[in-house]
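# Structure at a glance
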Amino acid sequence: MAEVPATADVVVIGAGIVGNSLVHHLTRLGWKNVVQIDKGALPNPGGSTGHASNFIFTVDHSREITDLTLDSVAQYQEMGVFTQSGGFEIARTEERMEELRRRMSSARAWGIEAELVSPSFVKEKVPFIEEDQFIGAFWTPGVGVVDSLRAGTIMRERALATGELTVVPTVEVTGLDTEDGPHGTRRITRVRTTGGDIEAGTVVIAAGVWSPKLGDMAGIGIPLTPAVHQMISVGPCPQLAETDGEISFPIVRDMDTFCYERQHGADMEVGSYAHRAILHEPEDIPSIDQAKLSPTEMPFTEDDFDPQLEQAYELMPELLGAEGAEMRYAINGLLSLTCDGNPILGESEVAGLWTASAVWIKEGPGVGRAVAEWMTHGHSEIDVHHSDIARFHTHQKRREHTRLRTTESFIKTYGIIHPSEQYESDRDQRLSPMHGSQQKLGAVFFETAGWERPFWYESNASLLEHYGDAVMPREHEWDARWWSPIINAEHLRMREAAAVIDLSAFCIFDIEGPEALDVVQGTCVAQCDVAVGKVIYTPVLDAKGGFRSDLTVMRLGDDHFRVVTGGAHGMADRAWFAGHLPESGSTTLTDRTDDTSTIGIWGPRARDILSSLTADDVSDAGFGFLSCREITVASSTGGELTVLASRISYVGELGWELYVPMSQAADLWEALLDAGAPHGAVPAGIGVYGTTGRLEKGYRAYGAELDGERSIVEAGMQRPKVKAADFVGKEAYLAQRDAAPQAVLCTLTVDDHTSASGTKRYMLGGEPILTRDGGTLTDGHGHHPYVTSAGSAPSLGTHVLLAYLPPDQATIGNELAVSYMEELYPVTVGSVDATPLLDPMNERIR
Amino acid sequence: MILVLVEVSPEGEAVETSREAVTFARDLSAAGGGVPVDAVVVGAPGEALVGVLASYGVRRVHALTGAAYDSFSGAAWAAGLIEVRERAGSVVVTAAGTPRGNEVLAHVAARTGLPMAANAISFAGLSPFTVTRQVVSGAALEEMRLSERPALFTIAGHAVQAAPADVPGAGEVVLETPDVADADLVARVVSSEEPEPDLSGTLKSARVVVGAGRGAGSADGFGDLLELADLLDAPLGVSRVVTSLGWRPHHEQVGQTGSRISPDLYIPCGISGAIQHWAGCSTAKTILAINSDPDAPMVTKATHAVIGDLHEIVPAINAEIRRRRG
Amino acid sequence: MTNPLVCVKRVVDSSSEVVLTEDGQGVDGRFAGFTMSAHEECAVELAVQVAAADGGSATVVTLGDADAVEQLRAALAVGCAAATHVVAESATFGPADVARELAAVVRDHEAAGTPHELVLLGNDAADSGDFQVGIRLAYELGWPVVNGVSSVSVSDGEVTASGSGPDGHETFRLPLPAVVTILEGGVAPRYPTVPGRMKAKKVPIEERQTTGSPVGPSRVRLVLPPPSSSNVEVLGQGAAAAPAVVDLFERLGVLSR
């Protein structure tokens, strides 16, 4: 029986592609006394890495995943385990061709060589394919295969060469011990294994499909599910046997049948994502001894695969039906799926306990590097916030949620997914108190962080006629999918009268205690040492000066601050602030999200409406912009409500965010609608709040314009002065201010929407910005500009795009183009900083 | 009385598994109050055979003789066994769990309409009579009830160790010449010859065998192993997973259902050692297991082991052999 | 023209550690998966070869639950032309019960004008290891039976079967009809091809009910044998152990030349 060292600075659990990459990068970054354990034997301990098909397609619609993939490819290449083969994604339908055109947008945006090609082009490179089965293909010459086991061994050996790594295979973790810290926190102290205990202050769970089981040992949720990906191997095929090496023909992804065909020596591997979602519980994975092949190569269920077999045969009959070509190896291979398709990375709520899970071969080394950097510096070069374990809300940590969502999304692995596409399963998890009222108003609900948020109200459909073409109707189904012109009608009514908007999804937490000011000053860029009753809008940075968030802070008392941030990223923000509380425990963070509801009212009539409900002074003189205080509002049922009103706006209009206890929110909602009706106010959805309203004002959104790879300067958000107090990222921020920006966030307007076919097209975001004649632009980082946000600006009568441009292109009036579905549309730069296109002097807000 | 079918080797000796069966029958007899144990043999027994059976406590040796017994027929053997049993009235009819033993007892079971238990290793209770027998190639055990008389079962090889009795039996020889119907002689051996050396022949008789399992990793993962086999002048034997994946041909398979080997040295590389495989190699004198998992059954059952990746170890061994040979 | 019937059983793949079901009545296949025994794979191959040799066709039969269709399809994918499924919970059927059901299939097929002159089975089932179904079936039918052979051929209404026995390589020759049980080793079963698998998917399966209620297998329960103790001498870890290994070779005298 193997024995483990008694202590370690860091224990990495898992010796798959992620664990191996982690130990390499951790030792490279100077970590000492690293211990890596796995319950299996090396070099293939039996996890998902061992049966991976090991091919890498580089283009993904997600920049984060693409960057991790490109970094991984670079690492594989450096190790000499990458074989370039090229890859085709073929389309059998026109709808898929459109998706491939959209893929071209992503390829251009991320700077990856790719091209749309004809079936005969494919046939030339893959002579055994049936040309008449498909109509076109997306060709990525840089696609290739890797030897992920060899890569793992190389990285482990590099770590061993530093003298700081001890590898102990064939020991199984039996427990993860934690100890309690201040204000309910916990910290990891020990890893118990079948080979003894290891005292360690830092532990990383990189155990793939087993990660949830390990997470449970420490009481943390790692919400992934083991899921089956079926794969068979057919061979020997004479056409392949003649070639040298592992792969000579490009990999074919048959996108409409959710299959791939990948040469492996004389065999052709056919994999499928088309079958029903076959999920397992981590506890039901066999042990190494119980498994026939390996624990993650489960018995093949033929019936699930038969339809794909037929489709694969149609595509390559001469190859798959060749004399002597037999099906010898067929597995239900287990891999990890998450509710949103992203990995699970970062430090858990147990201090020192990290995870790097739900990672595929194509991202493995990149994830290893990013997490090692994060563990070392507190941030990574590649922004991985979409993969942060802190992103999960309570309801998302339920196994049921993961099961339902992955069941729904499995079939979408090769699917055509609209950028606004909504899940159908496990909805209605978090309902605002106004939900019933909103249903009656015909609200169309989109989900954010489990909250059901009205995106628009069918009750406002009557406004369409009133505004006519000003609602900018969209002709093309794709552009209009998950969208309604009612959004633009609500917008126009807000600008004309007022709108009432449910913002219950806001994540709200209070920081209270003697060091409360120090905490917010130390985390926020803006000056937080303001008078009680002031509201602060502020970026939050990491140490390298990248965005962690942007949010508002209200000073409610000398020692009491309230942080309000978006629901989607709220959990990560909460974890960030919690991580900056002093050790003493005298200052606390209290989550108010579930007991506080927020309702916004904005528009030129907002003051008239609010004053009709309150005796308090809500005039500009009595209730200035960026201030907050409690007011008394008449309820719809004749009573009085105490409301915390904050005069702020994300839509560029006069108005307030009104905070009330959840139990009174429905009452306030009705009161505002009732009082607003005579003034022409309507309920408006998040379509206005999140897109049209802010885009006209050039307001940035975290996750779109702002992320860890962007700076305040590049985002055009710097203020004349930097506060004296220290804060995270200050040093980097000061340096950024002194340097010339490498990219500039600009607002562009689309000059002509007419496509070659005469249909007017509307970009949805993610599209590349090119020169007028289609030339590539490159910023100072070597990145290519792409649309970070797109949407209607109904009050301007144009479609607005935000994009970071190379500084020399960031001039007002500069004429460029946006590529959408492989056609160019002329655009013009309208703003090169945060200056809004609408109401540049911000007069409407007063 | 307990009736035991005793198989006799071409040299005229009671085979070991049959002596085990007699030993087992004697233990059963002792537990059941000392009923006599009789043997049935095919062909007239030599003195030495009778002496051995007597030393094992056998009371009578019933010898089936006549033209029907010149060559093997399962039905004819069963007919004779039944005739002896009907005359002598045994409560148990048993045999070794060999191909012959199982076959003949199955014929007896089919002819009498009684249940039969194959490969018993012990008896659990006498009333109701319950045996524990090997199933799933010995990877699991079944407790099976045999409530009817005579109880029919065979005894798995090495379930007990063959041992003479404290008190020898009389060893009285009774020659029997049962009437055997023509129908029972339709399926009989018409010729029997020295086995032609087939592809797996070298495996069965080799002094050294190099084994390979799923640890080889792929069809391309056998180069070093074949080189080691060549250096040791040994054939390659593989586990069932390897043939079922098509990595190596079937005739190389070692195991319960493949070749059973008894070399002086067996070197299983990357074979976990499931019972299926173990059944085919357990009689090797020395086993050197090369495996990355120190807890793999093949390692714990081996006499010697090297822990690690066979793809690192085997080339090193090959190099070391070449170095010493100069 | 020979139209053999080959009998297969859906069993848990036992090439890894065996896991029992909670009730102790069977082997749990959720980790290792299901298959037919190696003997039966060879029996299927022989049935397909015998049929192909003189223009006949092979039929596969199984007794089992709905999932056992998977094994029928597997046999169809490698060359059987027809399949019969006796729908039953096989764990509640003892060897005599199974033999009776198989005999009914043989008789009914004959009555339907598609007789089988030859029935092939595996020597023993990979899970229950009863070693008797083929022989009981022969008695049910009143046919002769050859047991435990590894090669089979048919010519002129006679079947020749051979395999290794205690007296060397033994050959049986007998007129049809006959039952023959197969031991693995004489023939290499083919793997399915893609077209074969697709064809198999489309073959209609004759589904039939059992003819009577089973007597049962007389099983009390299954248990796992106790683990054995280890006396292994570990010569070393990794490539560094090579000299110790070659020392062992020299001690054992296997390094001559």
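What counts, and at which threshold
Residues numbered from 1 in each chain as written. Chains lettered and ligands numbered in written order. Predicted model: local features only at pLDDT ≥ 70, side-chain atom pairs only at ≥ 80, totals over all residues. Helix = DSSP H or I, 4+ residues; strand = E, 2+ residues; numbered from the N terminus. Rg over C-alpha atoms; globule rule 2.2 N^0.38 Å. Buried ≥ 20, exposed ≤ 12 C-beta atoms within 10 Å, placed from the backbone. Contact = placed C-beta atoms within 7 Å. UniProt positions renumbered as here; feature names shortened; annotations may be inferred. Domains from an automatic or database assignment. Nonpolar A, V, L, I, M, F, W, Y, C, P; charged D, E, K, R; others polar. Core = buried A, V, L, I, M, F, W, Y, C linked by C-beta atoms within 7 Å. Pairing = 2+ DSSP bridges. Right-handed = clockwise from strand over helix to strand, strands pointing away. Axes fitted to C-alpha atoms, helices over the stretch in contact; angles between N-to-C directions. Left-handed = near helix turned anticlockwise from the far one by under 90°.

### Let's talk about the overall build of chain A
Helix and strand content of chain A: 21 helices and 40 strands. Scaling as 2.2 N^0.38, a compact globule of 846 residues should have a C-alpha radius of gyration of about 28 Å, and chain A matches this with 28 Å. With the C-alpha coordinates of chain A rotated into their principal frame, the extents come out at 85 × 65 × 50 Å. Evaluated residue by residue, chain A yields a buried proportion of 58% over its 846 residues. Taking the intrachain contacts of chain A between residues at least 6 apart in sequence as the baseline, contacts between residues at least 24 apart amount to 74%.

### What about the UniProt feature "domain: Electron transfer flavoprotein alpha/beta-subunit N-terminal" (unreviewed entry) in chain B?
UniProt records the feature "domain: Electron transfer flavoprotein alpha/beta-subunit N-terminal" (unreviewed entry) at residues 2–189 of chain B, using the numbering of this structure. Split by type, residues 2–189 of chain B is 29% helix and 30% strand. Its first and last C-alpha atoms lie 29 Å apart.

### A short note on the UniProt feature "domain: Aminomethyltransferase C-terminal" (unreviewed entry) in chain A
Mapped onto this numbering, the UniProt entry annotates "domain: Aminomethyltransferase C-terminal" (unreviewed entry) at residues 763–829 of chain A. With 0% helix and 46% strand, the stretch residues 763–829 of chain A has end C-alpha atoms that lie 16 Å from each other.

### Quick look at the domain arrangement of chain A
Residues and elements named next belong to chain A. Domain parsing of chain A yields domain 1 (7–46 + 151–222 + 340–400), domain 2 (507–591) and domain 3 (694–831). Distance from the C-alpha centre of domain 1 to the C-alpha centre of domain 2: 29 Å. Between domain 1 and domain 2, the contact holds twelve residues from the first and eleven residues from the second. Considering only residue class, the side of domain 1 that touches domain 2 consists of three nonpolar, six polar and three charged.

### Considering the domain arrangement of chain B
Per the domain assignment, the segments of chain B are domain 1 (2–185) and domain 2 (201–325). Here the C-alpha centroids of domain 1 of chain B and domain 2 of chain B sit 37 Å apart.

### With respect to unusual backbone geometry
That bond from Gly235 of chain A to Pro236 of chain A is cis: its omega, -5 degrees, falls within 30 degrees of zero. In this structure, Pro236 of chain A sits in the loop between β13 (224–235) and α7 (238–241). The amide bond that connects Arg149 of chain B to the next residue, Pro150 of chain B, takes the cis arrangement and shows omega of -5 degrees. Take Pro150 of chain B: it is sitting in the loop between β7 (140–145) and β8 (151–155). You will see that Asn119 of chain B, though not glycine, has its phi angle at about 60 degrees, which is positive.

### Points about the nonpolar core
Counting residues in hydrophobic clusters, the biggest one holds 465 residues, and the most contacted among them are Leu53 of chain B together with Val6 of chain C. With nine residues, the top contributor of residues to this core is helix α1 (residues 38–53) of chain C. Ignoring anything within four residues of it in the chain, the contact list for Leu53 of chain B reads Val6, Ala14, Val22, Ala39, Val58, Val61 and Gly171 of chain B.

### Some points on the interface of chain C and chain A
Listed by partner, the interface residues are 19 residues for chain C and 19 residues for chain A. Of all the secondary-structure elements, those providing two or more residues to the side of chain C that touches chain A are α2 (69–77) and α5 (194–202) of chain C. Among the elements that line the side of chain C that touches chain A, the one with the most residues is α5 of chain C, at five residues. By residue class, the composition of the side of chain C that touches chain A is nine nonpolar, four polar and six charged.

### Concerning the interface of chain C and chain B
Contacts between the two partners involve 69 residues from chain C and, on the opposite side, 76 residues from chain B. Counting residues per element, the ones that place at least two in the side of chain C that touches chain B are α1, α4 (133–141), β7 (145–149), β9 (158–165), β10 (168–175), β13 (219–223), β14 (233–237) and α6 (242–252) of chain C. Of the residues belonging to the side of chain C that touches chain B, the class tally is 35 nonpolar, 22 polar and twelve charged. Sheet analysis places β7 of chain B next to β13 of chain C, joined by four bridges and oriented antiparallel. Within β13 of chain C, the residue paired with Leu141 of chain B across the bridge is Val223 of chain C.

### Here's the deal with the UniProt feature "domain: FAD dependent oxidoreductase central" (unreviewed entry) in chain A
According to UniProt, the feature "domain: FAD dependent oxidoreductase central" (unreviewed entry) maps to residues 377–432 of chain A in the numbering used here. Helix makes up 23% of residues 377–432 of chain A and strand 0%, whereas the separation of the span's terminal C-alpha atoms amounts to 39 Å.

### Quick word on the environment of Ser37 of chain C
Residue and element names in this part refer to chain C. You can see Ser37 is positioned in the loop between β3 (34–35) and α1. On the basis of neighbour count, Ser37 is assigned to the buried category, with 25 C-beta atoms found within 10 Å. For the pair Ser37 and Val8, spaced 29 residues apart in the sequence, the C-alpha separation amounts to 7.9 Å. The residues touching Ser37, leaving out its near neighbours within four places in the chain, are Val11, Gly122, Ala125 and Ala126.

### Some details on helix α20 (residues 686–696) of chain A
All names here are of chain A. The buried fraction of α20 amounts to eleven of the eleven residues, a majority that puts the element mostly inside the structure. Considered for burial, the residues of α20 that qualify are Ile686, Gly687, Val688, Tyr689, Gly690, Thr691, Thr692, Gly693, Arg694, Leu695 and Glu696. Here the buried face of α20 lies against β22 (443–448), β23 (451–457), α15 (485–496), β24 (499–502), β37 (787–793) and β38 (798–805). After α20 finishes, the residue Gly698 shows a positive phi value of roughly 65 degrees.

### Looking at the pairing of strand β5 (residues 82–87) of chain C
Looking along a regular strand, one sees the side chains alternate between the two faces of the sheet. Residues and elements named next belong to chain C. The pairing of strand β4 (residues 59–64) with β5 spans six bridges and is classified as parallel. Bridge pairing links Thr62 to His85 in β5. Remark: the β4/α2/β5 crossover connection has right-handed handedness.

### Structural notes on the sheet that holds strand β18 (residues 326–338) of chain A
Residues and elements named next belong to chain A. The sheet built from nine strands is open, its strands ordered β6-β7-β5-β14-β15-β16-β13-β18-β17 with mixed pairing. Edge positions in the open sheet fall to β6 (115–117) and β17 (297–298), since each of these has one partner strand only. In this sheet, strand β16 (residues 267–272) lies alongside strand β15 (residues 259–264) in antiparallel orientation, the contact comprising six bridges. Across the sheet, Gln263 pairs through a bridge with Met268, a residue of β16. Of the strands in this sheet, β5 (87–91), β6 and β7 (136–140) touch helix α3 (residues 94–110), which is tilted by about 25 degrees from β7.

### Let's talk about the packing of helix α3 (residues 74–88) of chain B against helix α4 (residues 99–112) of chain B
All names here are of chain B. One way to put it is that α3 packs onto α4 with a least axis distance of 8 Å and a crossing angle of 65 degrees. α3 and α4 meet at a crossing whose hand is right-handed. Contacts from Gly74, Ala75, Trp77, Ala78, Leu81 and Ile82 in α3 reach Glu103, Val104, His107, Val108, Arg111 and Thr112 in α4. Residues that form the contact of α3 with α4 fall into these classes: seven nonpolar, three polar and two charged.

### Quick look at the sheet that holds β14 of chain C
Working definition: the strands of a sheet are paired by backbone hydrogen bonds and lie parallel or antiparallel to each other. On the basis of which strands lie adjacent, the open sheet formed by six strands has the order β12(B)-β11(B)-β13(B)-β14(B)-β15(B)-β14(C) and parallel pairing. The open sheet has two edge strands with one neighbour each: β12 (236–238) of chain B together with β14 of chain C. Each neighbouring strand pair of the sheet contributes to a mean axis angle of 20 degrees, computed without reference to strand direction. With four bridges joining them, strand β14 (residues 286–291) of chain B and strand β15 (residues 304–307) of chain B adopt parallel strand pairing. If you follow Leu288 of chain B over to β15 of chain B, its bridge partner there is His304 of chain B. Those strands touched by helix α6 (residues 223–231) of chain B are β11 (208–212), β12 and β13 (265–269) of chain B, and its axis lies near 175 degrees from that of β11 of chain B.

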